[in-house]
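The lines below spell out each chain.
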2 protein chains.
Amino acid sequence: MKIYGDSNSGNCLKVKWVCDKLRLPYTWVPVDITKGETRTPAFLKLNSAGQVPTIVFDDGRTLAQSNAIIRYIARGSDLIPCDAFAEAKMDEWLFWEQYSHEPYIAVCRFQMVYLGKSVSELDPEKVKRGHAALARMELQLVASRFIVDDALSLADVALVAYTRVAHEGGFDMRGYPAIRRWIGETESFLGLPAAR
Amino acid sequence: MKIYGDSNSGNCLKVKWVCDKLRLPYTWVPVDITKGETRTPAFLKLNSAGQVPTIVFDDGRTLAQSNAIIRYIARGSDLIPCDAFAEAKMDEWLFWEQYSHEPYIAVCRFQMVYLGKSVSELDPEKVKRGHAALARMELQLVASRFIVDDALSLADVALVAYTRVAHEGGFDMRGYPAIRRWIGETESFLGLPAAR
(Lines give C-alpha, C1' and ligand atoms only; values in the text may rest on other atoms or scores of the structure.)
Protein backbone atom coordinates (compact mmCIF):
# COMPACT_ATOMS: atom_id res chain seq x y z
CA MET A 1 0.00 0.00 0.00
CA LYS A 2 0.93 3.63 -0.45
CA ILE A 3 0.80 6.22 2.31
CA TYR A 4 0.37 9.72 0.95
CA GLY A 5 1.73 11.79 3.80
CA ASP A 6 3.62 14.82 4.98
CA SER A 7 6.38 13.83 7.38
CA ASN A 8 5.90 17.09 9.31
CA SER A 9 2.35 16.05 10.16
CA GLY A 10 1.72 14.06 13.32
CA ASN A 11 -1.47 12.74 11.76
CA CYS A 12 0.59 11.21 8.94
CA LEU A 13 3.29 9.91 11.25
CA LYS A 14 0.71 7.94 13.26
CA VAL A 15 0.11 5.78 10.19
CA LYS A 16 3.83 5.30 9.54
CA TRP A 17 4.48 4.31 13.17
CA VAL A 18 1.68 1.73 13.21
CA CYS A 19 2.95 0.23 9.95
CA ASP A 20 6.50 0.13 11.26
CA LYS A 21 5.44 -1.42 14.59
CA LEU A 22 3.31 -4.08 12.90
CA ARG A 23 5.85 -4.58 10.07
CA LEU A 24 3.30 -3.78 7.39
CA PRO A 25 5.03 -2.97 4.10
CA TYR A 26 4.27 0.41 2.52
CA THR A 27 5.56 3.03 0.16
CA TRP A 28 5.64 6.56 1.54
CA VAL A 29 4.57 9.12 -1.04
CA PRO A 30 5.61 12.59 0.17
CA VAL A 31 2.93 15.27 -0.07
CA ASP A 32 3.75 18.84 0.94
CA ILE A 33 0.69 20.45 2.50
CA THR A 34 2.28 23.90 2.53
CA LYS A 35 2.74 23.76 -1.25
CA GLY A 36 -0.93 22.97 -1.85
CA GLU A 37 -0.21 19.42 -2.95
CA THR A 38 -3.36 18.12 -1.20
CA ARG A 39 -5.49 20.39 -3.39
CA THR A 40 -4.46 19.25 -6.85
CA PRO A 41 -7.10 17.53 -9.03
CA ALA A 42 -5.03 14.32 -8.95
CA PHE A 43 -4.93 14.28 -5.17
CA LEU A 44 -8.60 15.21 -4.78
CA LYS A 45 -9.43 12.08 -6.79
CA LEU A 46 -7.79 10.03 -4.04
CA ASN A 47 -9.44 11.97 -1.22
CA SER A 48 -12.14 14.52 -1.96
CA ALA A 49 -11.52 16.02 1.48
CA GLY A 50 -8.04 17.10 0.31
CA GLN A 51 -6.30 15.86 3.44
CA VAL A 52 -3.35 13.68 4.32
CA PRO A 53 -2.77 10.99 5.38
CA THR A 54 -4.54 9.11 2.61
CA ILE A 55 -3.86 5.43 1.98
CA VAL A 56 -4.11 3.75 -1.40
CA PHE A 57 -4.21 -0.03 -1.23
CA ASP A 58 -2.84 -2.20 -3.98
CA ASP A 59 -6.34 -2.82 -5.36
CA GLY A 60 -6.88 0.94 -5.69
CA ARG A 61 -9.20 1.39 -2.73
CA THR A 62 -8.51 4.47 -0.63
CA LEU A 63 -8.89 5.34 3.03
CA ALA A 64 -8.44 8.65 4.83
CA GLN A 65 -8.55 10.14 8.35
CA SER A 66 -5.54 9.14 10.41
CA ASN A 67 -7.48 7.49 13.22
CA ALA A 68 -9.73 5.53 10.84
CA ILE A 69 -6.63 4.34 8.97
CA ILE A 70 -4.75 3.14 12.04
CA ARG A 71 -7.90 1.48 13.36
CA TYR A 72 -8.18 -0.45 10.09
CA ILE A 73 -4.57 -1.43 9.54
CA ALA A 74 -4.11 -2.45 13.19
CA ARG A 75 -7.26 -4.61 13.33
CA GLY A 76 -6.58 -7.91 15.05
CA SER A 77 -3.32 -6.64 16.57
CA ASP A 78 -2.67 -5.97 20.24
CA LEU A 79 -2.78 -2.23 19.55
CA ILE A 80 -6.57 -2.58 19.83
CA PRO A 81 -7.95 -3.94 23.12
CA CYS A 82 -9.80 -7.27 22.88
CA ASP A 83 -12.42 -6.18 25.38
CA ALA A 84 -15.28 -4.32 23.65
CA PHE A 85 -15.62 -1.69 26.35
CA ALA A 86 -11.87 -0.99 26.44
CA GLU A 87 -12.02 -0.66 22.65
CA ALA A 88 -14.85 1.86 23.07
CA LYS A 89 -12.76 3.85 25.56
CA MET A 90 -9.94 3.83 22.99
CA ASP A 91 -12.40 5.22 20.45
CA GLU A 92 -13.54 7.86 22.94
CA TRP A 93 -9.95 9.11 23.18
CA LEU A 94 -9.40 8.89 19.40
CA PHE A 95 -12.41 11.11 18.76
CA TRP A 96 -11.45 13.43 21.60
CA GLU A 97 -7.94 13.74 20.16
CA GLN A 98 -9.27 15.00 16.85
CA TYR A 99 -11.85 17.32 18.38
CA SER A 100 -10.30 18.69 21.58
CA HIS A 101 -6.53 18.20 21.28
CA GLU A 102 -5.28 18.36 17.68
CA PRO A 103 -7.12 21.60 16.74
CA TYR A 104 -5.28 23.44 19.52
CA ILE A 105 -1.94 21.77 20.11
CA ALA A 106 -1.15 20.83 16.51
CA VAL A 107 -2.42 24.15 15.21
CA CYS A 108 -0.32 26.23 17.66
CA ARG A 109 2.71 24.17 16.71
CA PHE A 110 1.99 24.59 12.99
CA GLN A 111 1.73 28.34 13.38
CA MET A 112 5.02 28.57 15.27
CA VAL A 113 7.07 26.03 13.32
CA TYR A 114 5.77 26.58 9.78
CA LEU A 115 4.33 30.10 9.83
CA GLY A 116 7.01 31.58 12.08
CA LYS A 117 4.68 33.01 14.71
CA SER A 118 5.93 33.67 18.22
CA VAL A 119 4.13 32.48 21.37
CA SER A 120 2.67 35.93 21.92
CA GLU A 121 1.09 35.87 18.45
CA LEU A 122 -0.89 32.68 19.12
CA ASP A 123 -4.64 32.84 19.66
CA PRO A 124 -4.98 32.83 23.49
CA GLU A 125 -8.18 30.78 23.23
CA LYS A 126 -6.31 28.03 21.34
CA VAL A 127 -3.50 28.08 23.92
CA LYS A 128 -6.03 27.85 26.75
CA ARG A 129 -7.82 24.91 25.15
CA GLY A 130 -4.51 23.20 24.43
CA HIS A 131 -3.60 23.41 28.10
CA ALA A 132 -7.07 22.10 29.03
CA ALA A 133 -6.41 19.08 26.80
CA LEU A 134 -3.00 18.51 28.40
CA ALA A 135 -4.49 18.85 31.88
CA ARG A 136 -7.07 16.20 31.07
CA MET A 137 -4.37 13.84 29.78
CA GLU A 138 -2.26 14.46 32.88
CA LEU A 139 -5.22 13.50 35.07
CA GLN A 140 -5.64 10.26 33.12
CA LEU A 141 -1.94 9.42 33.09
CA VAL A 142 -1.67 9.86 36.83
CA ALA A 143 -4.43 7.27 37.15
CA SER A 144 -3.20 4.73 34.59
CA ARG A 145 0.04 3.85 32.86
CA PHE A 146 -1.37 4.36 29.38
CA ILE A 147 -4.42 6.24 28.12
CA VAL A 148 -6.70 3.21 28.34
CA ASP A 149 -5.75 1.18 31.39
CA ASP A 150 -2.26 -0.30 31.55
CA ALA A 151 -1.74 -1.48 27.98
CA LEU A 152 -0.60 0.67 25.09
CA SER A 153 -3.27 1.11 22.39
CA LEU A 154 -3.94 3.25 19.35
CA ALA A 155 -5.14 5.96 21.74
CA ASP A 156 -1.53 6.37 22.89
CA VAL A 157 -0.19 6.37 19.34
CA ALA A 158 -2.71 8.99 18.25
CA LEU A 159 -2.23 11.23 21.27
CA VAL A 160 1.54 11.05 21.39
CA ALA A 161 1.86 12.32 17.82
CA TYR A 162 1.30 15.96 18.70
CA THR A 163 1.80 15.79 22.46
CA ARG A 164 5.49 14.88 22.06
CA VAL A 165 6.04 18.04 20.00
CA ALA A 166 3.68 20.28 21.99
CA HIS A 167 6.68 22.27 23.26
CA GLU A 168 7.28 23.35 19.64
CA GLY A 169 3.86 25.03 19.87
CA GLY A 170 4.85 26.98 22.94
CA PHE A 171 3.38 24.60 25.53
CA ASP A 172 5.54 24.42 28.63
CA MET A 173 5.45 20.74 29.56
CA ARG A 174 7.10 21.11 32.96
CA GLY A 175 3.69 21.08 34.65
CA TYR A 176 2.81 17.69 33.18
CA PRO A 177 5.12 15.07 34.70
CA ALA A 178 2.82 12.11 34.05
CA ILE A 179 2.55 13.09 30.39
CA ARG A 180 6.34 13.33 30.13
CA ARG A 181 6.72 9.87 31.69
CA TRP A 182 4.13 8.49 29.22
CA ILE A 183 5.73 10.19 26.19
CA GLY A 184 8.99 8.43 27.00
CA GLU A 185 7.32 5.05 27.39
CA THR A 186 5.28 5.43 24.22
CA GLU A 187 8.25 6.67 22.16
CA SER A 188 10.26 3.74 23.43
CA PHE A 189 7.49 1.28 22.49
CA LEU A 190 7.31 2.77 18.99
CA GLY A 191 11.10 2.86 18.63
CA LEU A 192 11.16 6.65 18.24
CA PRO A 193 13.98 8.95 19.36
CA ALA A 194 13.00 11.44 22.04
CA ALA A 195 11.38 14.46 20.38
CA ARG A 196 13.51 16.89 22.37
CA MET B 1 -28.13 3.13 31.07
CA LYS B 2 -28.34 6.88 31.44
CA ILE B 3 -27.71 9.33 28.62
CA TYR B 4 -26.58 12.71 29.90
CA GLY B 5 -27.51 14.93 27.01
CA ASP B 6 -28.79 18.26 25.75
CA SER B 7 -31.68 17.78 23.38
CA ASN B 8 -30.58 20.84 21.39
CA SER B 9 -27.29 19.11 20.56
CA GLY B 10 -27.09 16.96 17.45
CA ASN B 11 -24.21 15.07 19.04
CA CYS B 12 -26.52 14.04 21.88
CA LEU B 13 -29.44 13.25 19.60
CA LYS B 14 -27.29 10.77 17.63
CA VAL B 15 -27.13 8.60 20.76
CA LYS B 16 -30.88 8.87 21.40
CA TRP B 17 -31.70 7.96 17.80
CA VAL B 18 -29.48 4.88 17.82
CA CYS B 19 -31.00 3.72 21.11
CA ASP B 20 -34.51 4.29 19.79
CA LYS B 21 -33.78 2.50 16.50
CA LEU B 22 -32.22 -0.49 18.25
CA ARG B 23 -34.81 -0.42 21.07
CA LEU B 24 -32.15 -0.07 23.76
CA PRO B 25 -33.68 1.12 27.03
CA TYR B 26 -32.26 4.32 28.54
CA THR B 27 -33.00 7.19 30.84
CA TRP B 28 -32.39 10.65 29.37
CA VAL B 29 -30.82 13.01 31.90
CA PRO B 30 -31.15 16.57 30.61
CA VAL B 31 -28.00 18.69 30.80
CA ASP B 32 -28.12 22.32 29.70
CA ILE B 33 -24.79 23.27 28.11
CA THR B 34 -25.67 26.95 28.00
CA LYS B 35 -26.17 26.99 31.79
CA GLY B 36 -22.71 25.50 32.42
CA GLU B 37 -24.11 22.18 33.59
CA THR B 38 -21.28 20.24 31.88
CA ARG B 39 -18.74 22.12 34.03
CA THR B 40 -19.97 21.26 37.51
CA PRO B 41 -17.72 19.11 39.74
CA ALA B 42 -20.37 16.36 39.72
CA PHE B 43 -20.49 16.27 35.93
CA LEU B 44 -16.71 16.44 35.54
CA LYS B 45 -16.49 13.27 37.63
CA LEU B 46 -18.51 11.51 34.92
CA ASN B 47 -16.53 13.03 32.06
CA SER B 48 -13.38 15.02 32.75
CA ALA B 49 -13.70 16.53 29.26
CA GLY B 50 -16.89 18.29 30.40
CA GLN B 51 -18.84 17.36 27.30
CA VAL B 52 -22.17 15.78 26.47
CA PRO B 53 -23.27 13.23 25.46
CA THR B 54 -21.91 11.10 28.26
CA ILE B 55 -23.29 7.66 28.98
CA VAL B 56 -23.36 6.03 32.40
CA PHE B 57 -24.00 2.31 32.30
CA ASP B 58 -25.80 0.48 35.11
CA ASP B 59 -22.47 -0.75 36.51
CA GLY B 60 -21.18 2.82 36.76
CA ARG B 61 -18.83 2.76 33.80
CA THR B 62 -18.91 5.85 31.63
CA LEU B 63 -18.37 6.55 27.95
CA ALA B 64 -18.17 9.84 26.08
CA GLN B 65 -17.76 11.20 22.52
CA SER B 66 -20.93 10.78 20.47
CA ASN B 67 -19.36 8.71 17.71
CA ALA B 68 -17.53 6.40 20.14
CA ILE B 69 -20.80 5.89 22.01
CA ILE B 70 -22.89 5.02 18.97
CA ARG B 71 -20.12 2.74 17.70
CA TYR B 72 -20.23 0.86 21.01
CA ILE B 73 -23.96 0.63 21.57
CA ALA B 74 -24.61 -0.37 17.94
CA ARG B 75 -21.95 -3.11 17.86
CA GLY B 76 -23.27 -6.24 16.20
CA SER B 77 -26.22 -4.40 14.64
CA ASP B 78 -26.75 -3.68 10.96
CA LEU B 79 -25.89 -0.02 11.57
CA ILE B 80 -22.24 -1.11 11.31
CA PRO B 81 -21.16 -2.79 8.05
CA CYS B 82 -20.02 -6.42 8.38
CA ASP B 83 -17.22 -5.91 5.85
CA ALA B 84 -14.06 -4.62 7.55
CA PHE B 85 -13.22 -2.16 4.79
CA ALA B 86 -16.76 -0.74 4.68
CA GLU B 87 -16.54 -0.37 8.47
CA ALA B 88 -13.26 1.53 7.99
CA LYS B 89 -14.92 3.85 5.47
CA MET B 90 -17.68 4.44 8.02
CA ASP B 91 -15.00 5.36 10.54
CA GLU B 92 -13.38 7.69 8.00
CA TRP B 93 -16.64 9.62 7.73
CA LEU B 94 -17.22 9.57 11.51
CA PHE B 95 -13.82 11.18 12.11
CA TRP B 96 -14.32 13.58 9.21
CA GLU B 97 -17.69 14.60 10.64
CA GLN B 98 -16.14 15.66 13.93
CA TYR B 99 -13.16 17.40 12.34
CA SER B 100 -14.41 18.96 9.12
CA HIS B 101 -18.21 19.24 9.42
CA GLU B 102 -19.39 19.72 13.02
CA PRO B 103 -16.94 22.56 13.90
CA TYR B 104 -18.39 24.66 11.07
CA ILE B 105 -22.00 23.66 10.51
CA ALA B 106 -22.94 22.97 14.14
CA VAL B 107 -21.05 26.02 15.37
CA CYS B 108 -22.70 28.41 12.87
CA ARG B 109 -26.08 27.01 13.86
CA PHE B 110 -25.27 27.35 17.57
CA GLN B 111 -24.29 30.97 17.09
CA MET B 112 -27.47 31.81 15.19
CA VAL B 113 -29.98 29.77 17.19
CA TYR B 114 -28.59 30.13 20.72
CA LEU B 115 -26.48 33.29 20.60
CA GLY B 116 -28.83 35.22 18.32
CA LYS B 117 -26.26 36.10 15.65
CA SER B 118 -27.38 36.93 12.13
CA VAL B 119 -25.86 35.34 9.01
CA SER B 120 -23.76 38.42 8.39
CA GLU B 121 -22.21 38.14 11.86
CA LEU B 122 -20.91 34.59 11.27
CA ASP B 123 -17.19 34.01 10.72
CA PRO B 124 -16.87 33.85 6.90
CA GLU B 125 -14.14 31.21 7.21
CA LYS B 126 -16.49 28.92 9.14
CA VAL B 127 -19.24 29.46 6.57
CA LYS B 128 -16.81 28.67 3.74
CA ARG B 129 -15.63 25.48 5.41
CA GLY B 130 -19.21 24.47 6.17
CA HIS B 131 -20.06 24.78 2.49
CA ALA B 132 -16.93 22.80 1.60
CA ALA B 133 -18.17 20.01 3.87
CA LEU B 134 -21.62 20.08 2.29
CA ALA B 135 -20.10 20.06 -1.20
CA ARG B 136 -18.10 16.95 -0.34
CA MET B 137 -21.20 15.21 1.02
CA GLU B 138 -23.16 16.17 -2.10
CA LEU B 139 -20.45 14.59 -4.26
CA GLN B 140 -20.68 11.37 -2.26
CA LEU B 141 -24.46 11.29 -2.21
CA VAL B 142 -24.66 11.69 -5.96
CA ALA B 143 -22.44 8.60 -6.23
CA SER B 144 -24.15 6.41 -3.61
CA ARG B 145 -27.52 6.21 -1.87
CA PHE B 146 -26.01 6.51 1.60
CA ILE B 147 -22.65 7.78 2.83
CA VAL B 148 -20.99 4.36 2.67
CA ASP B 149 -22.35 2.49 -0.32
CA ASP B 150 -26.04 1.72 -0.47
CA ALA B 151 -26.78 0.74 3.12
CA LEU B 152 -27.47 3.13 5.96
CA SER B 153 -24.76 3.10 8.66
CA LEU B 154 -23.69 5.13 11.66
CA ALA B 155 -21.98 7.50 9.22
CA ASP B 156 -25.43 8.60 8.05
CA VAL B 157 -26.74 8.92 11.61
CA ALA B 158 -23.75 11.03 12.63
CA LEU B 159 -23.79 13.26 9.58
CA VAL B 160 -27.53 13.81 9.44
CA ALA B 161 -27.56 15.19 12.99
CA TYR B 162 -26.32 18.64 12.04
CA THR B 163 -26.86 18.49 8.27
CA ARG B 164 -30.65 18.33 8.69
CA VAL B 165 -30.55 21.58 10.68
CA ALA B 166 -27.80 23.27 8.64
CA HIS B 167 -30.36 25.78 7.33
CA GLU B 168 -30.73 27.04 10.92
CA GLY B 169 -27.04 28.01 10.67
CA GLY B 170 -27.64 30.05 7.55
CA PHE B 171 -26.67 27.37 5.03
CA ASP B 172 -28.83 27.56 1.92
CA MET B 173 -29.47 23.91 1.07
CA ARG B 174 -31.01 24.52 -2.35
CA GLY B 175 -27.69 23.80 -4.02
CA TYR B 176 -27.48 20.32 -2.48
CA PRO B 177 -30.28 18.19 -3.95
CA ALA B 178 -28.59 14.85 -3.23
CA ILE B 179 -28.12 15.82 0.41
CA ARG B 180 -31.79 16.81 0.66
CA ARG B 181 -32.85 13.46 -0.82
CA TRP B 182 -30.59 11.66 1.66
CA ILE B 183 -31.81 13.69 4.66
CA GLY B 184 -35.37 12.59 3.87
CA GLU B 185 -34.38 8.94 3.57
CA THR B 186 -32.30 8.99 6.73
CA GLU B 187 -34.97 10.82 8.76
CA SER B 188 -37.52 8.32 7.55
CA PHE B 189 -35.29 5.38 8.54
CA LEU B 190 -34.82 6.89 12.01
CA GLY B 191 -38.50 7.73 12.36
CA LEU B 192 -37.84 11.46 12.67
CA PRO B 193 -40.14 14.23 11.49
CA ALA B 194 -38.70 16.43 8.75
CA ALA B 195 -36.50 19.11 10.36
CA ARG B 196 -38.11 21.89 8.32
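Everything numeric here is computed off the predicted structure, so don't read it as measured data. (Residues numbered from 1 in each chain as written. Chains lettered and ligands numbered in written order. Predicted model: local features only at pLDDT ≥ 70, side-chain atom pairs only at ≥ 80, totals over all residues. Heavy atoms only, no water.)

Enquirer: Just checking my understanding: could you explain the sheet that holds strand β3 (residues 54-56) of chain B for this structure?
Expert: Hydrogen bonding along the main chain pairs the strands of a sheet, whether they run parallel or antiparallel. Residues and elements named next belong to chain B. Taking strand neighbours across the sheet as the criterion, the 4 strands line up as β2-β1-β3-β4 in an open arrangement whose pairing is mixed. Each edge of the open sheet carries a strand with a single partner, namely β2 (27-30) and β4 (62-64). Between one strand and the next, the sheet's axes are offset by a mean angle of 20°, whatever the strand orientation. Of the strands in this sheet, β1 (2-5), β2 and β3 touch helix α1 (residues 10-22), which is tilted by about 150° from β1. Relative to the sheet, helix α3 (residues 66-73) contacts β3 and β4, its axis offset from that of β4 by approximately 125°. (Pairing = 2+ DSSP bridges. Helix = DSSP H or I, 4+ residues; strand = E, 2+ residues; numbered from the N terminus. Axes fitted to C-alpha atoms, helices over the stretch in contact; angles between N-to-C directions. Contact = heavy atoms within 4.5 Å.)

Enquirer: Please clarify how the interface of chain A and chain B should be interpreted in this entry.
Expert: Accessible area lost upon the coming together of the parts serves often as the stated size of an interface. On the side of chain B, 31 residues touch chain A, which itself brings 31 residues to the contact. Both sides of the chain A and chain B interface together cover about 2,800 Å² of buried area, and 64% of this is carbon and sulfur. It is F85(A), F95(A) and Y99(A) that lose the most area in chain A upon contact with chain B, and together they represent 28% of the buried surface on that side. Along the contact surface separating chain A from chain B lie 0 salt bridges. Our count for the chain A to chain B interface comes out at 10 residue pairs in polar contact (both at pLDDT 80 or more). Those elements that provide at least two residues to the side of chain A that touches chain B are β4 (62-64), α3 (66-73), α4 (84-113) and α5 (124-143) of chain A. Class assignment for the residues of the side of chain A that touches chain B results in 15 nonpolar, 8 polar and 8 charged. (Buried area = accessible area lost by both parts, 1.4 Å probe. Salt bridge = Lys/Arg side-chain N within 4 Å of Asp/Glu carboxyl O. Polar contact = N/O pair within 3.5 Å; in protein donor to acceptor, adjacent residues only side chain to side chain. Nonpolar A, V, L, I, M, F, W, Y, C, P; charged D, E, K, R; others polar.)

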